[in-house]
Amino acid sequence: MIEIKTDEEIELLRKSNLLLSATLANVAPLMKPGITTLEIDRVAEEYIRDHGGVPGFKGYSGFPNTLCISVNDQVVHGIPSNRVLQEGDIVSVDCGVFMNGFHGDSAYTFAVGEISEELQNLIRVTREALFLGIAKAVAGNRIGDIGHAIQEHAEANRFSVVREMVGHGVGRNLHEEPEVPNYGRPGTGPMLREGMTIAIEPMINLGRRQIYQERDGWTIRTADHKPSAHFEHSIAVRATKADVLSDFEIIDKVLNNN
Ligand code: MG
Ligand code: MG
């Protein structure tokens, strides 16, 4: 069953997501050569707790940290470690914040120093694909409309879409129904209704779409070891235009002033 949230519940979900976005903005200036992903994770955890939230991922199915930090060919679910970021890396940071009974879920891919034009393109197209998907998240459309818009844009740019990992409903639980694939056919899948809240999260690969899981039981990597990008927003379905509950502008602003 897909849960419909009240306006009050959606506002609580927004609060969790806005603290999450502020957390990503807070770590954005740290995305520089020489820092370890574990240092970034510690800063994020402290920020969330200082502002009255709880890291939503820590302990979820046993995940050990606050952030999923996935570098280059790591697609998602990277575990923060002593890995040192290098000039030219791309870093997908996925964050969860639990507050007032509701889970925020959002992700952003950062560039470390100067990155290649190819990677700039990958990041730009992944982000555009997310917003094309969000544009389809209106009442009366279907889940397949979202995935189709994402897939079409990624593949038109000769990138590939990860199939095994998908977006999802979000609310009192981090993962709720429905699944929100980043591929699909228009007019298929569950009908979207006002008050549904979902996380849309394209994972787009520079090379082929195949992935595998590392022996740590978490980290997902591309099979061809080419880089992958990931952007995610939590949104509420509305009648004419989706309400985006997380916020990239606060992150962009920090990056532009750095
Ligand atoms: Mg996420
Ligand atoms: Mg998610």
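Structure: above.
Not measured: the values here are computed from a predicted model.

K.L.:
Describe the coordination of the magnesium ion (ligand 1), listing the residues and the values that go with them.
P.N.:
All of the protein donors around the magnesium ion (ligand 1) are D94 (OD), D94 (OD), D105 (OD) and E232 (OE); their distances to the metal are 2.0 to 2.5 Å. Sequence spacing among the residues donating to the magnesium ion (ligand 1) works out to D-x10-D-x126-E. The distance between the magnesium ion (ligand 1) and the magnesium ion (ligand 2) is 3.1 Å, with D105 acting as a donor to both metals. Within this pair, whereas D94 is found in strand 4 (residues 90-99), its partner E232 is found in the loop between strand 13 (228-230) and strand 14 (233-236), the two being separated by 138 residues in sequence. Across the pair, exposure class does not vary: D94 and E232 are buried alike.

K.L.:
Summarise the sheet that holds strand 12 (residues 220-222); cite the residues concerned and give the values.
P.N.:
Here we have three strands laid out as an open sheet, ordered 3-12-11, and antiparallel in their pairing. A strand with exactly one partner marks an edge of an open sheet, and here the two such strands are strand 3 (74-76) and strand 11 (211-213). Going from strand to strand, the sheet's axes swing by 40° on average, the running direction of each strand aside. Pairing of strand 11 with strand 12, which is carried by three bridges, proceeds in the antiparallel orientation. Within strand 12, the position partnered with Q213 by the bridge is I220.

K.L.:
Go over the pattern of salt bridges with me, naming the residues and quoting the values.
P.N.:
By the definition in use, this model includes 12 salt bridges. Among the salt bridges present, the one from R221 reaches D73, with a minimum N-O distance of 2.9 Å. With a gap of 148 residues between them, R221 in strand 12 and D73 in the loop between strand 2 (67-71) and strand 3 connect regions that are remote in the sequence. Here R221 falls in the partly exposed class, since its relative accessible area comes to 22%. Put simply, D7, E194 and R238 are held in one network by salt bridges that share partners.

K.L.:
I'd like a rundown of the coordination of the magnesium ion (ligand 2), residues and numbers included.
P.N.:
Within the protein, D105 (OD), H168 (NE2), E201 (OE) and E232 (OE) serve as the donor atoms for the magnesium ion (ligand 2), at 2.1 to 2.2 Å. Between consecutive donors of the magnesium ion (ligand 2), the numbers of intervening residues give the motif D-x62-H-x32-E-x30-E. A relative accessible area of 4% means that H168 is categorised as buried.

K.L.:
Summarise the side chain of S16; cite the residues concerned and give the values.
P.N.:
With respect to the helices and strands, the residue S16 is situated in helix 1 (residues 7-27). Overall, S16 belongs to the buried group, its relative accessible area being 0%. Here F102 takes part through its backbone oxygen, which lies 2.9 Å from a polar atom of the side chain of S16. In this structure, S16 is in contact with V97, M99, F102, H103 and G104, ignoring residues within four places of it in sequence.

K.L.:
So what's going on with the sheet that holds strand 13? Which residues, and what values?
P.N.:
Spatially, 6-10-13 is the arrangement adopted by the three strands of the open sheet, whose pairing is antiparallel. Each having just a single partner strand, strand 6 (160-161) and strand 13 make up the two edges of the open sheet. On top of the sheet, helix 3 (residues 117-135) reaches strand 10 (203-205) and strand 13; it is set at about 35° to strand 13, its chief contact.

K.L.:
Hey, could you go over unusual backbone geometry for me, with residue numbers and the actual values?
P.N.:
The omega torsion of the bond from E177 to P178 falls at 5°, within 30 degrees of zero and hence cis. Within the secondary structure, P178 sits in strand 8 (residues 176-180). In the Ramachandran plot, S61 falls in the positive-phi region, its phi being about 55° despite a non-glycine side chain. Within the fold, S61 resides in the loop between strand 1 (54-55) and strand 2. The class for S61 is exposed, based on a relative accessible area of 63%. Its identity as a non-glycine residue notwithstanding, N100 has a phi of 50°, on the positive side.

Rules used throughout
- Once a new chain begins, its residue numbering starts again from 1 and follows that chain's sequence as written.
- As they are written, the chains are lettered A onward and the ligands numbered 1 onward, keeping that order.
- This being a predicted model, a pLDDT of at least 70 is required before a residue's local features are given, and a value of 80 or more before pairs of side-chain atoms are given or counted; all residues contribute to the totals for chains, interfaces and linings.
- Excluded from the side-chain calculations are hydrogens and water; all other atoms, namely the structure's heavy atoms, are used.
- Coordinating N, O and S atoms are those within 2.8 Å of the metal (3.2 Å for Na, K and Ca), and as water is not part of the atoms, a site may appear to have fewer donors than expected.
- Each helix is a run of DSSP H or I of at least 4 residues and each strand a run of E of at least 2, with the numbering of both proceeding from the N terminus.
- Summary of the burial criterion: residues with accessible area below 20% of their type's maximum are buried, those above 50% are exposed, and those between are partly exposed, where the area comes from a 1.4 Å probe applied to protein chains only.
- Any two strands with at least two DSSP bridges between them are considered paired.
- Note on geometry: axes are C-alpha line fits, over the in-contact stretch for helices, and angles between N-to-C directions span 0 to 180 degrees.
- Only one rule defines a salt bridge in this text: a Lys or Arg side-chain nitrogen within 4 Å of an Asp or Glu carboxyl oxygen.
- Throughout this description, a polar contact denotes any pair of N or O atoms lying within 3.5 Å of each other; where both atoms belong to protein, one of them has to be capable of donating a hydrogen while the other can accept it, and for residues adjacent in sequence the pair is counted only when both atoms sit in side chains.
- In this analysis, two residues are considered to be in contact whenever any of their non-hydrogen atoms come within 4.5 Å of each other.

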